[in-house]
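Survey of secondary and tertiary structure
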Amino acid sequence: MNDSYDLARDLSAVRRSLAADMPEAVIFYCGRALEATSAQAVSALALEPGAQVFANLDLLERLSCISRPALYLGHALRRLANDARHILRPLSKQDAEFAALCVGPWLQWYLEDFFRGPRTPIADENFGIPGATGHVGSVLSLLRKQHASGADISDALLGLADDSVAKIPALSSMIAESLISCGRVTESETILNAALVHAPDDLRLNQLYALARRRLGQPAEALALLKKLSGRYSEDEETIGITAGAMKAASDDAGAARLYAKGWQLSHDRNLYLGVNAAALELWLGKPGSKEHAAHVADLFARRNSKLAASGIDVSGQRDYYDMVTEAEARLLSGDNTGARTLYADAFTRFASRKGDIDGTRHQANRSIALLGGEPLE
């Protein structure tokens, strides 16, 4: 955020535009707030911000410096701002209200929760934006608390998931992902089906529905849906990862290996999750290079962590579950058995409520360990 940017002025403009039923203006000002604060968040890490919002959100995610709810809200708001900027579709009052619902908790993350942010209490938590109370506001609050505490909030989320939530794809996605992570996959499908009625083409909803099908033991159904998505999102890393996971579940290790390798290449060695899975599949298929490729991923983690530490930044308490277990798997496959097991144990303890995720992680690790000749993870 440069010195000339006035956040309070733009938030006032959001309120005026909402009152005047000017959806494009609401989304424009919300998008400006996201653009400025995401750039400032990167600058606070002693790094150079990117020219695009996506690049800044992506960097914050890779460094484990942003909560999952804030990341989802940031991307949802970014997509809405793109719709407005590039005139991709007509925008409604509902779109404008959702943009306002995104910007409030996004700014709560940046101003209050971000460990390198202003740490400034917000006098008006909802910024005077209509719709920020009720079930939608309660869901957002629960998700923030879950990230901080790691508690299982599944029952509370299910009790709040009414039609007002179903009409907001990004919020329904966050609820569904939380349920899937905690092993409540059947309930997640109920949430996803309700949301897909309102937004049948939403990418994230469809990705998660496919993930739920795969975790419920229906990889063929998951693959059928993902193949439809792949035509439009052939280079989307999330779609690639979920599709490759469904291929693994369908015993198509060779196909999964090719897809993980493609995703790793497309990411230019940035998506470490795809990289470590590519290395694991090489091991399973008996191909050479698995250990060296895993060592490269482990080295990328080490360099990233070292760079942050040199800037006085300790993200050990901020890391996401998958960031931790991806590094653990890279260490395991590269031969650092002790370091890997320590990281796995830390992640399993810290995110104990994510039973579904832990089961999948343990299963994959133990398949590799069996080939490496070690003792399985408990």
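Coordinates for the structure precede this section.
Note that the structure is a prediction, hence the values are computed from the model and not measured. (Residues numbered from 1 in each chain as written. Predicted model: local features only at pLDDT ≥ 70, side-chain atom pairs only at ≥ 80, totals over all residues. Heavy atoms only, no water.)

1. Re the overall build of the protein
From N to C terminus, the protein includes 19 helices and zero strands. Taking 21 Å as the expected radius of gyration for a compact globule of 378 residues, we find that the protein reaches 21 Å, a close match to that expectation. Referenced to the eigenvectors of the C-alpha coordinate spread, the extents of the protein come out at roughly 65 × 45 × 35 Å. Considering the protein as a whole, with its 378 residues, one finds that 52% of them fall into the buried category. (Helix = DSSP H or I, 4+ residues; strand = E, 2+ residues; numbered from the N terminus. Rg over C-alpha atoms; globule rule 2.2 N^0.38 Å. Buried < 20%, exposed > 50% of the residue type's maximum accessible area, 1.4 Å probe, protein only.)

2. Concerning the pattern of salt bridges
Summed over the entire model, instances satisfying the criterion amount to 22 salt bridges. Across the pair Asp155 and Arg184 runs a salt bridge whose closest N-O atoms are separated by 3.0 Å. Linking Asp155 in helix 7 (residues 154-160) with Arg184 in the loop between helix 9 (169-181) and helix 10 (185-198), this pair joins segments that are 29 residues apart in sequence. The class for Asp155 is exposed, based on a relative accessible area of 57%. We classify Arg184 as partly exposed; its relative accessible area is 21%. Notably, a salt bridge pairs Glu189 with Arg213, separated by 2.6 Å at the nearest N-O pair. Highlighted residues: Glu189 in helix 10 and Arg213 in helix 11 (residues 203-215), separated in sequence by 24 residues. Taking relative accessible area as the criterion, Arg213 reaches 15% and is therefore assigned buried. Beyond isolated ion pairs, a larger network of salt bridges with shared partners links Arg304, Arg319, Asp323, Glu327, Arg331 and Asp336. (Salt bridge = Lys/Arg side-chain N within 4 Å of Asp/Glu carboxyl O.)

3. Here's the deal with the packing of helix 17 (residues 321-334) against helix 19 (residues 355-372)
Contact geometry for helix 17 and helix 19: axes closest at 11 Å, N-to-C directions at 5°. One element, helix 17, and the other, helix 19, form an angle in the roughly parallel class. Judged by residue contacts, Tyr321, Tyr322, Val325, Glu329, Leu332 and Leu333 of helix 17 engage Asp357, Ile358, Thr361, Gln364, Ala365, Ser368, Ile369 and Leu372 from helix 19. (Axes fitted to C-alpha atoms, helices over the stretch in contact; angles between N-to-C directions. Parallel < 35°, antiparallel > 145°, perpendicular 65-115°, else oblique. Contact = heavy atoms within 4.5 Å.)

4. Details of the environment of Arg62
Within the fold, Arg62 resides in helix 3 (residues 53-62). Since its relative accessible area comes to 33%, Arg62 is described here as partly exposed. For the pair formed by Arg62 and Trp264, sequence separation is 202 residues and the distance between their alpha carbons is 14 Å. In contact with Arg62, other than residues within four places in its own chain, are Arg270, Arg304 and Asp323.

5. Quick look at the side chain of Glu177
Position of Glu177 among the secondary structure elements: in helix 9. Beyond its immediate stretch of four places on either side in the chain, Glu177 contacts Arg68, Tyr72, Arg204 and Leu208.

6. Considerations on the packing of aromatic side chains
The description of an aromatic ring pair uses the distance of the two centres, along with the angle that the planes make with each other. Per the stated rule, a full pass over the model turns up nine aromatic pairs. Relative to Phe351, the ring of Tyr321 has its centre 5.8 Å away and its plane inclined at 80°; by these criteria the two rings are edge-to-face. Within this pair, whereas Tyr321 is found in helix 17, its partner Phe351 is found in the loop between helix 18 (337-350) and helix 19, the two being separated by 30 residues in sequence. Using a relative accessible area of 0% as the deciding quantity, one classes Tyr321 as buried. Among the aromatic side chains, those forming a connected cluster through ring pairs are Trp106, Trp109, Tyr110, Phe114 and Phe115. The aromatic ring of Trp284 is capped on one face by Arg367, whose charged end is 3.9 Å from the ring centroid. (Phe/Tyr/Trp six-rings, centres within 6.5 Å; stacked < 30°, edge-to-face > 60°. Lys NZ or Arg CZ within 6 Å of the ring centre and 35° of its normal.)

7. Things to note about the environment of Ser17
Inspection of the secondary structure assignment puts Ser17 in helix 1 (residues 7-19). Look at Ser17 and you get buried, because its relative accessible area is 5%. Note: C-alpha distance between Ser17 and Ala36 (19 residues apart in sequence) is 19 Å. Among all residues touching Ser17, those that are not within four sequence positions of it are Met22, Ala25, Val26 and Tyr29.

8. Description of unusual backbone geometry
Phi angles above zero are rare outside glycine, and Asp21 is one such case at about 55°. Mapped onto the secondary structure, Asp21 falls in the loop between helix 1 and helix 2 (23-43). The backbone of Ser251 sits at a positive phi, close to 65°, despite the residue not being glycine. Residue placement: Ser251 occurs in the loop between helix 13 (237-249) and helix 14 (253-266).

9. Focus: the packing of helix 15 (residues 272-284) against helix 16 (residues 290-310)
Their axes nearest at 8 Å, the elements helix 15 and helix 16 cross at an angle of 160°. Between helix 15 and helix 16, the angle falls in the class roughly antiparallel. Read as a crossing pair, helix 15 and helix 16 show a hand that is left-handed. Facing helix 15, whose interface residues are Leu272, Gly275, Val276, Ala279, Glu282 and Leu283, helix 16 presents Ser290, His293, Ala294, Val297, Leu300 and Phe301. Among the residues forming the contact of helix 15 with helix 16, the class breakdown is eight nonpolar, three polar and one charged. (Left-handed = near helix turned anticlockwise from the far one by under 90°. Nonpolar A, V, L, I, M, F, W, Y, C, P; charged D, E, K, R; others polar.)

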